[in-house]
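Given next are the chains, with one letter for each unit.
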Amino acid sequence: MNLKKMILVAVLAVSQTAAAVPAFAIPASTQSITGNVAAAVNTTQTVVTQEEPSATDPLPPLVTEAPAGTVTPTPTPIPAATAVPAATAVPIVPAATPTPLPAVTQAPVDGVVPTDAAIPTATPLPGSTQVLQPTTTSGLTTSATGGGQLILMMNSNKMYRNGTPYTANQPMAVKNGVSYVSIRAMVEMVGVSYTYDYKTKEVIVTKGTSIMRFKTDSKIYTVNGAKNTMKGPAYQFKGTFMVPLTSITYALNIPYTVDNVQKRVILTLNTKPTASFTVQPTEIYAGQTTVNYVTSYSSPNGTPMAEEQWGGNKLDMYDQPGFYTVTYSVRDANNLWSDPYSVTIQVLQPNQPPVAQFTTDKDEYKMGEPVILTDTSYDPEYEELTTTWSNRGLAYFNPGPTSIQLTVTDKHGLSSTFEKTINITSEQLYTQDEVAKLFTIPGDVLTFDGGLIPGLPNLPYNLSSDSYTLIRSNSPETVNTEGVLYRETSVGKTRFLVHHMNNMTTRQKLYVIATNNGIYPATITTEYSGIAGPVTSPEYTGRISIQKYYNSMITGSSASQIVLQPGQSVPILTDLNKIAMKPKEVLSLSADLISDYPILYNVVMVEQTKDPVALLPTLPILDRDGVHNRGTYPDSTRIINVTDVVGTTQSKLILGDNKNDLNLIGIDPMTGTEASNSGNFGVLYKIVLDRVAANTLITFNPRGGNYLGSLLVNGTIVNLPNKGSLSSSDMNAVVFRTGEYEGPVDITFSVASGSNLPVNFVFTPLPAKK
């Protein structure tokens, strides 16, 4: 051989060597073809995630030279269980050998369904001449490991699953710069099912709840109907349905590593099922609690469960307190076992019943003499108890022995009862009316003749206001469709009263969205807020929201700030939308804010999964319902100052009647029409009584119908009433009772949403104490 021929042979050998070592996971923009022979071996191992590259397939044509400028890594070894031959072909085992995977046929004639996509997977296909199966039994098996590794040798039909060699019906191939694999070989090695749709020429792969469709000669595949674009179209070759490697790994959520040195792709498989369980109830008592085990099973491939196995100390009832560990495993229909799932159960000492007991300050009383009862009940586990009294009274008016009972119940339903008998003499100390006025505790109810109260003189006072702008969003109170319930721009002190019911069939969320349409950052400071619901009772949400509003005044718990950049829109007062409203549920909000620049506020209701900020420009403004009120009102803090002595004679202070206490007048900004705040809902009344006479009783009397709310008196929250509601004008909830000396009393009051106006505060001189 002459020198020229020797040089030509050497160049061809080097070129073939370079072509056999591809570059992986390198964008097309950086895959320059060079004549640098050193670059052919100067390659890099690349880890590829499930995200498909945006430019090219990570596996370029195997017939091109490798790019220059790469770094030679330490070669990743083939799994130790089986050595992978470098060049020899993997033999085909006869069909009689047990096979873990179904058969593969030879190429069909034109128009015949590719065997790669044939529907059956459990039995050989007609005309099968070879099988896809291991050529050795050494190494780990899928059953033992639940997947492990699948190695694809490049430019070869060799595959290794957990070290065991297999032969694919077609080697990994390159077409138009895209690396392709047999879809059948891939899904069968992964362990998912597939079928072929004759009409649409689609391979349909099913993994768990995901359904993937790959169509012949199309770059588009779908996952549960969502379209995805592949780097190249699927195609058929010699009866094999071929798809881009990156697309099938992405669709099946299989991460893989590219090893350029040993020319292989290493896929990480996970086909093991998972098992878990929970224990109910959360508190378990020895010898008393029946334990329920609620199991959960899932499979990455949707394989059904075939067997479950419990371990440890699993009992339906534990006799002794202590800690017990229980394990749970499952086997699926592919004979794969899950990892054991363990729970340690704490078994508590048996629940002990509570002890009911109380004392009286004496054993004998006159008729009408106050009986002081002191509850001394307790629970051995220090749990909260529910108390129920029988025949408890402030005083008793029938002479003779009188029995009083107390029953206490713990949260587990165990209870005990204590009874004590006292003696009532025939001598009388107070009348029933005197006892009620003198000793009824704040929040409890006493009875007046409601027909007499309107005739009482009105308390004279001086009226002033604070410049809080009130935004009252209460119409439509019953919301039938998504939309904007209120829209208004406000600056400075702003008060919100929001009260709405979801009347749709889906769960909805209620939002207050703040938008800064100015050119400077704006700061919104939340002073006080109270949010209640969602529940089905409008009266309850009104009472609890106003109660929380008062509590934030006492504790400062709602104080916060948010800065809105120009053009920014964000939901504020976000406790309002933490929980979606079921149909017929109600939410109530009372809140005071301050902003340093004008802010556009939108109150909206949308379906729970939707983004209210994104939808805001397209939401309709809903109409009023013609019954309830909405509007923007100035000066919504009313300061009532009484300088004269109060309580020497019976008198009243009436609020919300639009006569003695006029409605706020404002505007409905969505329609531009005048609005009158009927009942003055949302108005904060600050009642300052400079001089209240000694021994004066202050009560709260509803005049417009059912009332359920609360107020602040001298900084203390008082319920109106403690139990039930004020359902008639004869009912008076005790607000405050002065002592032996004259002094000031401050009352903070706002009408609770869902209740009725007008209301009276009644001032009554007390009978003399004996």
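What this report covers is the structure whose coordinates are included nearby. (Residues numbered from 1 in each chain as written. Predicted model: local features only at pLDDT ≥ 70, side-chain atom pairs only at ≥ 80, totals over all residues. Heavy atoms only, no water.)

**Describing the sheet that holds strand β27 (residues 386-390)**
Logical step 1: Taken in spatial order, the 4 strands line up as β25-β29-β28-β27 in an open sheet, and their pairing is mixed. If you trace the sheet from one side to the other, it starts and ends with β25 (364-367) and β27, each paired once. If you compare each strand with its neighbour and ignore which way they point, the axes differ by 30° on average.
Logical step 2: In the sheet, strand β28 (residues 400-409) pairs with strand β29 (residues 415-428) via 10 bridges, with the strands oriented antiparallel. The residue bridging Q405 from the neighbouring strand is E419, located in β29. (Pairing = 2+ DSSP bridges. Helix = DSSP H or I, 4+ residues; strand = E, 2+ residues; numbered from the N terminus. Axes fitted to C-alpha atoms, helices over the stretch in contact; angles between N-to-C directions.)

**Remarks on helix α3 (residues 183-190)**
Logical step 1: Counting buried positions along α3 gives 8 out of 8 residues, so the element sits mostly inside the fold.
Logical step 2: For α3, the set of buried residues is I183, R184, A185, M186, V187, E188, M189 and V190. (Buried < 20%, exposed > 50% of the residue type's maximum accessible area, 1.4 Å probe, protein only.)

**So, the pairing of strand β40 (residues 630-633)**
Logical step 1: Residues R630 and T632 line one face of β40 and the alternating positions G631 and Y633 line the opposite face, and both faces are buried.
Logical step 2: When strand β32 (residues 469-473) meets β40, the two strands line up antiparallel, connected through 4 bridges. Residue R472 lies in a different strand from β40, and its bridge partner there is G631.

**Thoughts on the packing of aromatic side chains**
Logical step 1: For the coordinates displayed, the defined rule picks out 23 aromatic pairs.
Logical step 2: When the centroid spacing of 4.9 Å and the interplanar angle of 10° are considered together, the rings of F214 and Y221 count as stacked.
Logical step 3: Overall, F214 belongs to the buried group, its relative accessible area being 0%.
Logical step 4: Ring pairs connect the aromatic residues F277, Y293, W310, Y328 and Y341, which therefore count as one cluster.
Logical step 5: Geometry around W389 places R392 over its ring, the cationic atom sitting 4.6 Å from the centre.
Logical step 6: Cation over ring: R495 sits above Y468, and NZ or CZ is 4.4 Å from the ring centre. (Phe/Tyr/Trp six-rings, centres within 6.5 Å; stacked < 30°, edge-to-face > 60°. Lys NZ or Arg CZ within 6 Å of the ring centre and 35° of its normal.)

**Examining a nonpolar patch on the surface**
Logical step 1: Taken together, the side chains of I519, Y520 and Y597 make up a nonpolar region of the molecular surface, amounting to roughly 350 Å² of accessible area.
Logical step 2: As for its position among the elements, I519 is in the loop between β35 (508-515) and β36 (522-535).
Logical step 3: You can call I519 exposed: its relative accessible area is 67%. (Patch = residues over 30% accessible without salt bridge, like charges linked within 9 Å, V, L, I, M, F, W, Y side chains within 5 Å. Areas by Shrake-Rupley, 256 points an atom, 1.4 Å probe, with all protein chains shown as cover. Salt bridge = Lys/Arg side-chain N within 4 Å of Asp/Glu carboxyl O.)

**Let's talk about the environment of I220**
Logical step 1: Mapped onto the elements of the fold, I220 is located in strand β12 (residues 220-223).
Logical step 2: C-alpha separation for the pair I220 and S247, spaced 27 residues apart in sequence, amounts to 10.0 Å.
Logical step 3: Among all residues touching I220, those that are not within four sequence positions of it are R213, K215, K227, N228 and T229. (Contact = heavy atoms within 4.5 Å.)

**Points about the pattern of salt bridges**
Logical step 1: Here the structure, examined in full by the defined rule, presents 19 salt bridges.
Logical step 2: Put simply, K366 and E427 hold a salt bridge, and the shortest N to O gap is 3.3 Å. With K366 in strand β25 and E427 in strand β29, this residue pair connects regions lying 61 residues apart in the sequence.
Logical step 3: Residue E427 is classed as partly exposed on the basis of its relative accessible area, which comes to 45%.
Logical step 4: The partner of D592 in a salt bridge is R495, with the nearest N and O atoms 2.8 Å apart. With D592 in strand β39 (residues 586-607) and R495 in strand β34 (residues 483-502), this pair connects stretches of sequence that are 97 residues apart. No difference in accessibility class separates D592 from R495, as the two residues are buried.
Logical step 5: The network of salt bridges with common partners includes D197, E202 and R213.

All we've got here are geometric facts, nothing functional implied.
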